[in-house]
Each structure stands twice: as C-alpha cells, then as structure tokens.
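Residue-level listing of the chains:
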Amino acid sequence: MTTTIETAPLVPGTVILDEEVGARGPWSAVVAAGDVLTIVDLYGNQAVDTLIYAADDHRQRYSAAATVSAQRNLFLTTGSVLRTDDHDALMTLVADEVGSHDTVGGACSQESNTLRYGHHTKHQHACVENFLAEGSRWGIGKRDLVSNINFFMNVPVDADGTLGIVDGLSAPGRRLALRADRDVLVLVSNCPQINNPCNGFDPTPVRMIVTRPAGAPA
C-alpha cells in the first residue's frame with residue numbers, strides 16, 4: 001500500500017532512520033540515548049505492539065508493572081516513563097497526539113486466537129510470532145518476551161475490572177514520540193489481528209522515524 005499522508009517527526013532534528021512497516025509485519029531498531037522515535041499511525045486505528053530492551057543487556061527490559069505503579073496510571077500518554085523492573089528509565093513518551101495507550105491488553109498469539117475466536121483462526125499470523133521472528137535477529141527468544149505496550153490501542157477498563165478491546169482513539173496521521181533515555185532496542189509487531197476492532201478489522205502500515213535533536217551528540 002502506498003503512503004498517501006505527508007508526515008513529519010513530532011520532535012524536529014536530523015533524521016537517522018525513516019521506515020514504513022508493512023501491514024502485519026515486524027520491525028526493530030536500536031535507538032541511541034537522546035534520539036527520538038516517532039511512530040505514525042498512517043491510516044488510523046492500527047495497534048502497534050511494542051517491547052523495549054536495554055541495547056547492551058536484554059535482561060533489562062520494559063516492565064508494565066513498574067511503569068504503571070510509578071506513574072499511578074494504567075494508560076500511557078505524554079510524560080509517561082517506560083521503566084524496567086528496577087524502575088530504571090528506558091524511554092519517555094515526550095509527545096502524543098492520541099492521549100491514551102494500552103498497557104494490559106497483551107499480544108495476540110496463534111494460541112490465544114484459537115481460544116478466543118475458534119480453531120479456524122489457528123493458521124493466522126499473530127504478534128507473538130512477529131516478536132519471535134524479529135527478536136531472533138537480536139538473540140531474543142520466547143523467555144525474553146514480557147507484557148508489551150499496545151500503542152494506539154484502546155482497551156477501556158470497566159468498573160468491575162472487565163477489559164474491552166474497542167475502536168481506537170487514533171486517526172490517520174496521528175503520532176507519538178518516544179525519547180530514548182539510554183541506548184535501547186525497540187521491537188515492534190504491527191499487529192495483524194483481524195478478529196477484533198484493535199485494527200479496525202483491517203491491518204495497515206505504520207511509519208517509524210528516528211530523529212536526533214539539534215545539539216545532541218553524534
């Protein structure tokens with residue numbers, strides 16, 4: 001699919017990397033400390049499942065529990081600091097045009113698809129398989145996968161604790177920006193799910209732009 005929306009990084013600077021991630025596909029890159037990753041929801045309502053690791057030690061990785069408890073908020077938006085189990089900062093959400101991103105919905109898998117939607121979905125590709133395929137390039141295996149972030153995904157929590165997966169809050173061209181607080185490996189599954197509304201039942205591409213702000217060391 002050809003991108004038809006003109007976009008720019010949310011934090012200006014020298015562009016280090018600018019790539020489009022195809023519908024249903026994986027992506028990964030090391031983002032250096034101080035650089036900013038802008039994720040662009042090109043066509044709207046596309047969940048971007050994301051894991052973050054310290055580039056020099058993959059045992060130091062994103063912790064949903066530490067992140068949520070530190071900020072006292074289940075959802076992510078501008079100012080949210082993505083932390084490890086030791087509460088060390090990995091990345092900070094420095095700008096956000098959507099306002100709320102999920103921390104509890106998890107990643108779809110072939111097994112969960114079968115359980116939730118029936119055995120006829122067993123063949124469908126899913127986020128866990130994306131994570132494993134892309135993570136293998138960096139020595140990351142199944143035991144290294146943890147609860148992930150779902151950027152652009154809308155998972156409201158009802159008063160009784162029930163979770164819902166409903167239409168997203170995003171729209172074509174909406175962006176968020178993550179500043180690396182140390183050198184990090186960002187691992188993404190551009191969610192291939194077609195059985196619930198997280199992608200509007202129609203997975204679409206997203207864009208990943210890494211910039212180096214003016215005055216940052218090379």
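Within any chain, residue numbers begin from 1 and follow the written order of that chain's sequence. pLDDT decides what is reported in this predicted model: residues at 70 or higher carry local features, side-chain atom pairs at 80 or more are listed and counted, and totals for whole chains, interfaces and linings draw on all residues regardless. Note that water and hydrogens are dropped before the side-chain values are worked out from all heavy atoms of the structure.

As named in an unreviewed UniProt entry, the protein is Urea carboxylase-related aminomethyltransferase, taken from Rhodococcus wratislaviensis.

A.B. asks: Just to check I follow, could you spell out the sheet that holds strand β6 (residues 81-83) for this structure?
C.D. replies: Picture the strands of a sheet paired through backbone hydrogen bonds; they go either parallel or antiparallel. Pairing between two strands is assigned when DSSP locates at least 2 bridges connecting them. Helix and strand definitions follow DSSP, with helices as H or I runs of at least four residues and strands as E runs of at least two, each counted in order from the N terminus. Strand order in the open sheet made by the 6 strands is β1-β11-β3-β9-β7-β6, with antiparallel pairing throughout. Edge positions in the sheet fall to β1 (14-21) and β6, since each of these pairs with one other strand and no more. In this sheet, neighbouring strand axes are inclined to one another by 20 degrees on average, regardless of whether the strands run parallel or antiparallel. The pairing of strand β7 (residues 89-96) with strand β9 (residues 174-180) spans 5 bridges and is antiparallel. Of the residues in β9, the one forming a bridge with A95 is A177. For helices, the axis comes from a line fit to the C-alpha atoms of the stretch in contact; other axes are also lines fit to C-alpha atoms, and the angle between any two N-to-C directions lies between 0 and 180 degrees.

A.B. asks: Looking at this model, I keep getting lost on the nonpolar core. Mind explaining?
C.D. replies: In a soluble, globular protein the nonpolar side chains are often hidden away together inside. If you look at the biggest cluster of nonpolar residues, it comprises 29 residues, and the most contacted ones within it are L37, I39, L82, M91, F151 and L178. At the level of elements, β2 (26-31), β3 (36-41), β4 (48-54), β7, β8 (149-151), β9, β10 (184-190) and β11 (206-212) are the ones that each hand at least two residues to this core. Apart from residues lying up to four places away in sequence, I39 is in contact with V48, F151, F152, R174, R175, L176, L178, R207 and M208. The set of buried Ala, Val, Leu, Ile, Met, Phe, Trp, Tyr and Cys residues whose side-chain atoms join them within 4.5 Å is what this entry labels a nonpolar core. Exposed residues in this analysis have more than 50% of their type's maximum accessible area, buried residues have under 20%, and partly exposed residues fall in between, with area computed by a 1.4 Å probe over protein chains only. The criterion used for residue contact is that any of the two residues' heavy atoms lie within 4.5 Å.

A.B. asks: I would appreciate a short explanation of helix α3 (residues 127-135) in the present structure.
C.D. replies: Count 3.6 residues to each turn of an α-helix, and residues three or four apart come out pointing the same way. Within α3, 7 of the 9 residues are buried, which leaves it mostly tucked inside the rest of the structure. Taken together, the buried positions of α3 are occupied by C127, V128, E129, N130, F131, E134 and G135.

A.B. asks: Mind showing me how you'd approach the state of the cysteines here?
C.D. replies: Two cysteines whose sulfur atoms are joined by a covalent bond form what is called a disulfide. Pairs of cysteine sulfur atoms within 2.5 Å are identified as disulfides in what follows. Applying the stated criterion across every chain, the model contains 0 disulfides. The closest cysteine sulfur to the non-disulfide-bonded C127 is located on C191, 3.6 Å from its own sulfur. The class of C127 is buried, set by a relative accessible area of 0%.

A.B. asks: Whenever I open this one, a nonpolar patch on the surface confuses me. Can you help?
C.D. replies: Residues V104, V157 and L163 make up a contiguous nonpolar surface patch of roughly 210 Å² in combined accessible area. Mapped onto the elements of the fold, V157 is located in the loop between β8 and β9. Classification of V157 by relative accessible area gives partly exposed; the value is 36%. What goes into a patch is any residue over 30% in relative accessible area without a salt bridge, connected to like charges within 9 Å or, for nonpolar side chains (Val, Leu, Ile, Met, Phe, Trp, Tyr), within 5 Å. Note on areas: Shrake-Rupley with a 1.4 Å probe; residue coverage comes only from the protein chains shown. What makes a salt bridge here is a side-chain nitrogen of Lys or Arg within 4 Å of a carboxyl oxygen of Asp or Glu, nothing more.

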